[in-house]
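Listed here are the chains, written in short residue letters.
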Amino acid sequence: MKNITVYSGPLCNFCEAAKRLLARNNLNYKEIDISSKDGLKEEMIKKSNGKRTIPQIFFDETHIGGYQELRELEKQNKLLSSVK
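Here goes a summary of the coordinates provided. What you are looking at is a predicted structure, and each value in this text was computed from that prediction instead of being measured. (Residues numbered from 1 in each chain as written. Predicted model: local features only at pLDDT ≥ 70, side-chain atom pairs only at ≥ 80, totals over all residues. Heavy atoms only, no water.)

## Points about the sheet that holds strand 1 (residues 4-8)
Taking strand neighbours across the sheet as the criterion, the 4 strands line up as 2-1-3-4 in an open arrangement whose pairing is mixed. Looking at the sheet topology across the chains shown, the edges are occupied by strand 2 (30-33) and strand 4 (62-65). On average, each strand axis in the sheet is tilted by 25° relative to the strand beside it, whichever way the strands run. The pairing of strand 1 with strand 2 spans 4 bridges and is parallel. Of the residues in strand 2, the one forming a bridge with Val6 is Glu31. The strands touched by helix 2 (residues 40-47) are strand 1, strand 2 and strand 3 (56-59); relative to strand 1, the strand with the most contacts, the crossing angle is about 125°. (Pairing = 2+ DSSP bridges. Helix = DSSP H or I, 4+ residues; strand = E, 2+ residues; numbered from the N terminus. Axes fitted to C-alpha atoms, helices over the stretch in contact; angles between N-to-C directions. Contact = heavy atoms within 4.5 Å.)

## Regarding the pattern of salt bridges
Opposite charge on two side chains permits them to pair, given that their charged atoms come into close proximity. Considering all chains together, one arrives at 5 salt bridges under this definition. Between Glu31 and Lys19 there is a salt bridge whose closest N-O contact spans 2.9 Å. Of this pair, Glu31 sits in strand 2 while Lys19 is found in helix 1 (residues 13-24), placing the two residues 12 residues apart along the sequence. We classify Glu31 as partly exposed; its relative accessible area is 38%. According to the relative accessible area criterion, Lys19 is buried, its value standing at 11%. One salt bridge in this structure joins Arg24 and Glu74, with 2.9 Å as the shortest N-O distance. Within this pair, whereas Arg24 is found in helix 1, its partner Glu74 is found in helix 3 (residues 67-75), the two being separated by 50 residues in sequence. Judged by its relative accessible area of 13%, Glu74 is buried. What emerges from the salt-bridge pattern is a single network uniting Glu16, Lys19 and Glu31. (Salt bridge = Lys/Arg side-chain N within 4 Å of Asp/Glu carboxyl O. Buried < 20%, exposed > 50% of the residue type's maximum accessible area, 1.4 Å probe, protein only.)

Right, here's the structure in full:
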């Protein structure tokens, strides 16, 4: 199983939706709140090739995108196979 990382921030509805989607699919994830420590936002931007919005989601080191891309994987029944 791939490690799932969600870069998030406070008061972010899309972040909360992404976490709920992962939970309802029984997928564990590591959450990194970019507001909790200096440098985390820059780390996220670098890893996501310049994407500045949250959430930014990764399966291992593969950048998936944000909530909409995660939801699209679920709708296409590709989410669980993507994390195996």
